[in-house]
Amino acid sequence: MSKVAIIGAGNVGGFAAAWIAGLDVADVVLIDKNDGLARGKAMDINDSLYILGSNRWVWGGSDYSLIDGADIVVITAGVARKPGMDREDLLKINKEIVKDIIEKAKGLVADDAAWVFVTNPLDAITEFGYSLLGIDRHKVMGMGVNLDTSRMVNQIAESLGVARTSISAMVVGKHGKGMIPLVDDISVSGMAVSLDEEIKGEIRERTVNRGAEIVACFGTGSAYVAPGAGIYQVVRHLLSGDGSVLPLSVPLEGERGISGECTGVPVVLGRLCWEKVLE
Ligand code: LMR
């Protein structure tokens, strides 16, 4: 039975746990320094699972021994940006949080566990986590541009008036200022679509700014339903190892001409790892 550990039982961690257990992908352990929050969320999610027809279980607490033997570790803990802030402004404070988590979790999880970073600024934190873990780079990835891809697909669907599920598109680069929505590589049911420059510009801008748009609407906190779904997507394919291609932030060593940093590129996912960058 596969076990997924989610560290950080805030809104993103909670929604990820709900999607993963509710959509029958894996059992989940939710860890948070706030023991009651993690335990309460686990109870609440478990109470939804009969209704949803899932036999998975979610456990929660502050005790890291709960993650013993986990196949995947997802780190969502960290401070969210406030309106007007960039994700990059969170680097210093979130590095401290992630360092503490890695120190506590590293010795407990399965030897072949995959590590998925979600804390912002996503690419820099993934890079930092990779440097602390010192494990095979194929076991380390950041969830960000697959979420941005879903956001861009919504813009394209509205613009073209077609079902989002018939659209193929991708966002690569950083989950932040260096985001690259590939507006020149969009297809609908396998047919290439070329959009006029003004529409491409609008899609690009709305995709890049979507996270900030939601932060501004909330006033406090950031998006969580779609980020939770983005985690579900990564976890599902890591567990099945089905060779799906997703854009994720990974430590690059020369692929696409980039070395020594994490950035979002299309990767082929195998069981508990990314196998290669799609060149
Ligand atoms: C997101 O894209 O929703 C997250 O990275 C949170 C944020 O700060 O926008």
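Residues numbered from 1 in each chain as written. Predicted model: local features only at pLDDT ≥ 70, side-chain atom pairs only at ≥ 80, totals over all residues. Heavy atoms only, no water.

(A) Here's a closer look at unusual backbone geometry. In the segment running from Asn 120 into Pro 121, the intervening peptide bond is cis, with an omega of 0°. You can see Pro 121 is positioned in the loop between strand S5 (114-117) and helix H4 (122-133). Residue Ser 189 is not a glycine yet carries a positive backbone phi of 45°. Positionally, Ser 189 belongs in the loop between strand S10 (186-188) and strand S11 (191-193). Residues other than glycine seldom take positive phi values, yet Arg 256 does so here, at roughly 50°. Mapped onto the elements, Arg 256 comes out in the loop between strand S12 (245-253) and strand S13 (259-270). Relative accessible area serves as the criterion here: at 44%, Arg 256 is assigned to the partly exposed category. (Helix = DSSP H or I, 4+ residues; strand = E, 2+ residues; numbered from the N terminus. Buried < 20%, exposed > 50% of the residue type's maximum accessible area, 1.4 Å probe, protein only.)

(B) Geometry of the site of the ligand. Taken together, Arg 81, Arg 87, Asn 120, Leu 147, Arg 151, His 175, Gly 211, Ser 222 and Ala 223 make up the full set of residues adjacent to the ligand. Between the ligand and Arg 81 there is a distance of 2.5 Å, counted from an oxygen atom to a side-chain nitrogen or oxygen. Burial of the ligand by the surrounding chains reaches 94%, relative to a free accessible area of 260 Å². A per-class count over the shell around the ligand returns two nonpolar, four polar and three charged. (Near = heavy atom within 4 Å. Polar contact = N/O pair within 3.5 Å; in protein donor to acceptor, adjacent residues only side chain to side chain. Areas by Shrake-Rupley, 256 points an atom, 1.4 Å probe, with all protein chains shown as cover. Nonpolar A, V, L, I, M, F, W, Y, C, P; charged D, E, K, R; others polar.)

(C) Region of interest: helix H1 (residues 11-22). For H1, built from twelve residues, the straight-helix expectation of 16 Å at 1.5 Å per residue is met to within 8% by its first-to-last C-alpha distance of 16 Å. Among all positions in H1, only Val 12, Gly 13, Gly 14, Ala 16, Ala 17, Ile 20, Ala 21 and Gly 22 are buried. Contacts made by the buried residues of H1 are with strand S1 (3-7), strand S2 (27-31), helix H2 (35-52), strand S3 (58-61) and helix H7 (225-240). Directly beyond the C-terminal end of H1, a positive phi value near 60° is found at Asp 24. (Expected span 1.5 Å × (residues − 1). Contact = heavy atoms within 4.5 Å.)

These figures come from the coordinates and say nothing about function on their own.
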